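Residue-level structure breakdown
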Amino acid sequence: MTSTTTLKLGTALAVLLGAAAPGMAADLGLPDENFDLDALIEAARAEPPIVVVDATGKIKTMAENFTKLYGVEATGVKLGGQEQELIINREYAAGNVTHDVFNMSNLPSVTAQILPSGAGVSWMPPDQTDTTPAAYQSPAITSVNPWVWSYNTEKYGDTCPVSNIWQLTDPEWKGRVSIPDPLLRNETMFWFNQLETHDDDAMAAAYRDHYGKDLPEDVDSATREWVRQFAANSPNVTRKDSEVGPVVGTPGLEDPHFGFVSAAIFRAKYGYEMGICGGMKPYAGQLTPRVAVIAAGTDSPNAAKLFVHYMMSGEGMAPQLIDGKMATNINTGMPEDEGSGVINYIDQLHVTDSTTTDSDFANLQEWQDLWTIHSR
C-alpha cells in the first residue's frame with residue numbers, strides 16, 4: 001500500500017481488535033517453530049490437490065495463479081457466505097472434507113461457531129506477522145470488503161441526495177431504496193448488532209440531527225428503531241447487490257433508487273453512473289472482514305497452509321483488489337483503476353469490532369425476526 005492508503009486504512013480499522021478465538025492451528029501440518037517457507041512448499045507438493053472457496057468468482061483466478069507459482073494444484077470454487085458455513089460444518093460432521101480452505105466473510109460465525117466447534121482452524125503465517133497488523137492475526141483476516149451507500153451521479157451530480165441514514169425511513173424514499181436481502185446476507189444482520197452494541201449513540205445523534213429532537217423515551221435502542229422504520233418503508237429487496245446496481249446507476253433513469261452495494265459494483269465494465277454517498281451520517285457504509293479458515297479434516301494441511309500464506313502475503317488477494325477489497329498486508333496497494341474510489345471514504349465506513357462478534361452471532365435470529373416482522 002502507499003503510505004497514505006496505509007494510514008487511512010490503519011486509522012479506520014484501529015478498533016478491529018483480534019479476538020482470542022479457539023480453533024488456532026497448533027498441530028496442522030508442519031510445526032510453526034523454525035518456520036521455513038521452502039519446507040512448507042515441499043510438503044505441500046507431496047499432498048493431494050486442494051479446493052479453495054470464496055464468495056467471489058475471482059477465487060478461480062487466485063487458485064490458478066497459486067498453482068502456477070508453487071506447482072501445487074488448487075481449484076477455486078465460488079460459494080456464498082452461508083453456503084460456505086453449511087459445507088464446512090456438514091463435511092466436518094460427516095468426516096468427509098472435500099473443501100480445504102475458505103475465505104469467509106461472516107466473522108461472527110467463524111469466531112462463535114466454526115472455530116469453537118472444531119470444524120475449521122485459523123492459521124497465521126509466522127513469517128507475516130510483521131506485515132500484518134496485530135488486529136488481523138487472530139483469526140487470520142486476509143482482507144476487508146467495503147459495502148457502501150450509493151446513488152446515481154447522472155441524476156444528482158457530486159452531491160448525494162441522502163446525508164443521514166434516517167432519511168431512508170422517510171416517505172420520500174419509500175420503495176426507492178434497494179438492498180440485498182438481509183435475510184440472505186448475514187453480514188447485514190451482524191452489522192445491525194455491531195451498530196447497536198458500539199454505535200447506538202451515533203445512531204441516536206443522527207436521528208436528532210435529522211429531526212431536530214431526541215428519540216422518544218420508550219425507544220429501546222436507536223439502531224433497533226431505525227431497522228424497524230427502514231424495514232417498514234418498503235425497501236426494494238434483491239437477492240444480491242449485482243441486482244441493486246442497475247436500479248441505482250443505469251444511465252438515463254428517471255427516478256433512480258438509492259442503494260447498498262459492495263465496491264465491486266462500481267467496476268467500469270458495468271457502465272453505471274454511480275457514486276459513494278460520502279458524508280452520510282453516521283456512516284457511509286461498512287467494512288466486512290474476510291477470514292482465512294482451513295477445514296479441520298483436510299488431507300492436505302500443508303497445501304492449505306500454503307494457500308493461506310499466499311492470501312496473507314497480499315499477492316494472492318490481488319485479483320480481488322480491483323473490486324475495491326483491501327488486503328490486510330501492509331505492503332499491498334489498491335490498483336489505480338479501482339472503480340469506486342472507496343479508499344477516499346475509508347474513514348467514513350463502520351468497522352467490525354472482533355471482540356464482540358460472539359454477540360453478533362448470538363443475536364442473529366433476533367435481528368432476522370425484527371426485520372421479518374416489520375418488512376411485511
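Residues numbered from 1 in each chain as written. Predicted model: local features only at pLDDT ≥ 70, side-chain atom pairs only at ≥ 80, totals over all residues. Heavy atoms only, no water.

1. Things to note about helix α2 (residues 37-45)
The following threshold applies: For every residue, the accessible area obtained with a 1.4 Å probe (protein chains only) is divided by the maximum for its type, and the residue is called buried under 20%, exposed over 50%, and partly exposed between those limits. Every helix listed is a DSSP run of H or I at least four residues long, and every strand listed is a run of E at least two residues long, numbered separately from the N terminus. In this description, one arc is meant: the one made by directions from the helix axis to the C-beta atoms. By the convention used here, residues are in contact when the closest approach between their heavy atoms is within 4.5 Å. The definition of a polar contact used here is a pair of N or O atoms within 3.5 Å, where within protein one atom must be able to donate a hydrogen and the other to accept one, and adjacent residues in sequence count solely through side-chain atom pairs.
Here α2 has its buried residues at Leu40, Ile41, Ala43 and Ala44. In an axial view of α2, the angular spread of the buried residues amounts to 165°, which keeps them on one side of the axis. For α2, the exposed residues lying more than 90 degrees away from the buried face are Asp38, Glu42 and Arg45. Lining the buried residues of α2 we find α3 (58-70) and α10 (301-312). Between the side-chain oxygen at the start of α2 and the backbone nitrogen of aspartate 38 there is a gap of 2.9 Å, and the oxygen is on aspartate 36.

2. Remarks on the nonpolar core
The criterion, for reference: Within this scheme, the nonpolar core is defined by two criteria: the residues are buried Ala, Val, Leu, Ile, Met, Phe, Trp, Tyr or Cys, and they are joined through side-chain atoms within 4.5 Å.
Trp149, Leu168, Trp226 and Phe258 are the most contacted members of the largest nonpolar core, which has 36 residues in total. With nine residues, helix α7 (residues 186-211) is the largest single contributor of residues to this core. If we ignore the near neighbours within four places in the chain, the residues touching leucine 168 are Trp149, Val162, Trp173, Val177, Trp226, Phe230, Asn233, Phe258 and Met280. Formed by 31 residues, the second largest nonpolar core is a distinct cluster that contains Phe66, Val72, Val101 and Val308.

3. Points about the packing of helix α8 (residues 222-231) against helix α13 (residues 364-374)
As a reminder of what qualifies: Lines fitted to C-alpha atoms define the axes, with helix axes restricted to the stretch in contact, and inter-axis angles between N-to-C directions lie between 0 and 180 degrees. With the far helix as reference, a near helix turned anticlockwise by less than a right angle produces a left-handed crossing, and one turned clockwise produces a right-handed crossing. Charged residues are taken to be Asp, Glu, Lys and Arg, nonpolar residues to be Ala, Val, Leu, Ile, Met, Phe, Trp, Tyr, Cys and Pro, and polar residues to be all remaining types, Gly included.
Packing of α8 against α13 brings their axes to within 7 Å, and their N-to-C directions diverge by 35°. For the pair α8 and α13, the crossing hand works out as right-handed. Together, Thr223, Arg224, Val227, Arg228, Phe230 and Ala231 of α8 and Glu366, Trp367, Leu370, Trp371 and His374 of α13 make up the contact between the two elements. Here the residues of the contact of α8 with α13 are counted per class, giving six nonpolar, two polar and three charged.

4. Quick look at the pattern of salt bridges
Heads up, the rule is: Salt bridge, as applied in this entry: a Lys or Arg side-chain nitrogen positioned within 4 Å of an Asp or Glu carboxyl oxygen.
If you walk through the whole model with that rule in mind, you get 10 salt bridges. Put simply, arginine 224 and glutamate 196 hold a salt bridge, and the shortest N to O gap is 2.9 Å. Residue arginine 224 is found in helix α8, and its partner glutamate 196 is found in helix α7; the two are separated by 28 residues along the sequence. A salt bridge links arginine 208 to aspartate 214, with the shortest nitrogen-to-oxygen separation between them at 2.9 Å. Overlapping salt bridges bring together Lys58, Arg267 and Asp323 as one network.

5. Topic: α3
Structurally, the α-helix is built with 3.6 residues per turn, so residues lying three or four positions apart point the same way. Rules: A helix is expected to span 1.5 Å for every residue after the first.
An ideal rise of 1.5 Å per residue puts 18 Å on 13 residues; α3 measures up with 18 Å between its terminal C-alpha atoms. Buried residues of α3: Lys58, Ile59, Met62, Ala63, Phe66 and Tyr70, and no others. For α3, the angular spread of buried residues about the axis comes to 145°, placing them on one side. Elements that come into contact with the buried residues of α3 comprise α2, β1 (50-54), β2 (74-78), α10 and α11 (318-321). Looking at the residues trailing α3, positive phi occurs at glycine 71, about 70°.

6. Thoughts on the confidence of the model for the chain
For any part of a model where pLDDT is low, the fine detail of the predicted coordinates should not be relied upon. The test is simple: The predictor attaches a confidence to each residue, and that confidence, scored 0 to 100, is pLDDT.
For the chain, the average pLDDT comes to 92, and 93% of its residues sit at 70 or higher. Across residues 1-8, confidence stays below pLDDT 50; counting only partners more than four residues off in sequence or on other chains, it has 14 contacts. Scored below 50 in pLDDT, residues 11-22 shows 32 contacts in the model against residues more than four places distant or in partner chains.

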